[in-house]
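Given next are the chains, with one letter for each unit.
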Amino acid sequence: MSPLNITHHHAAAGPVLRVAGELDYATAGALREELERLVLSPGQDLVIDLSALEYCDSTGITALLAARQRAQAAGADMALAAVPANTLRILTIVGLDQVFTIRGGSSTA
């Protein structure tokens, strides 16, 4: 089991959160807390970089949906970047690939 590690920086378009480790029932609250601390402005892009994500369960996906809702409420956009193949497969099976904006690589922009 890999602990969840969330780092963030600000790019020109908005905040970038890098989520590493396992995003599951035990750790999803940490992502939600990090999102609550973020200041989002209308027109910004929140990017969640999943390039180092090792595992994501349904609670983790729910936390990602909450992040999208939070961004929308602030008038910002949200994208998932560098989604691992196993997580992308799950998102595709349940149709969330049509809900999330998904970018191929990790984002520093």
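Please refer to the structure placed before this passage.
Residues numbered from 1 in each chain as written. Predicted model: local features only at pLDDT ≥ 70, side-chain atom pairs only at ≥ 80, totals over all residues. Heavy atoms only, no water.

Peer 1: How do you make sense of the nonpolar core when you look at a structure like this?
Peer 2: Generally speaking, nonpolar side chains in soluble globular proteins are found buried as a group. Membership of the largest hydrophobic core comes to 28 residues, with the highest contact counts inside it found for Leu31, Leu46, Ile48 and Leu80. Where this core is concerned, the elements lending two or more residues are strand 2 (14-23), helix 1 (28-37), strand 3 (45-56), helix 2 (58-73) and strand 4 (77-81). Discounting chain neighbours no more than four positions away, the residues touching Leu46 are Pro15, Leu17, Leu35, Leu38, Leu40, Ala67, Ala71, Asp77, Met78 and Ala79. (Core = buried A, V, L, I, M, F, W, Y, C linked by side-chain atoms within 4.5 Å. Buried < 20%, exposed > 50% of the residue type's maximum accessible area, 1.4 Å probe, protein only. Helix = DSSP H or I, 4+ residues; strand = E, 2+ residues; numbered from the N terminus. Contact = heavy atoms within 4.5 Å.)

Peer 1: How do you make sense of helix 2 when you look at a structure like this?
Peer 2: It helps to recall that an α-helix has 3.6 residues per turn; residues three or four apart then point in one direction. In a regular helix each residue adds 1.5 Å, so 16 residues correspond to 22 Å; helix 2 covers 22 Å between its end C-alpha atoms and thus fits that length. Within the sequence span of helix 2, burial applies to Gly60, Ile61, Ala63, Leu64, Ala67 and Ala71. Mapping the buried residues of helix 2 onto a view down its axis gives an arc of 155°, with all of them on the same face. Away from its buried face by more than 90 degrees, helix 2 exposes Ser58, Gln69 and Ala73. Lining the buried residues of helix 2 we find strand 2, helix 1, strand 3, strand 4 and helix 3 (85-93). Regarding helix 2, its N-cap is Asp57, as a side-chain oxygen of that residue lies 2.9 Å from the backbone nitrogen of Thr59 further along. Backbone geometry just downstream of helix 2 places Gly75 in the positive-phi region, at approximately 80°. (Expected span 1.5 Å × (residues − 1). Arc of directions from axis to C-beta. Polar contact = N/O pair within 3.5 Å; in protein donor to acceptor, adjacent residues only side chain to side chain.)

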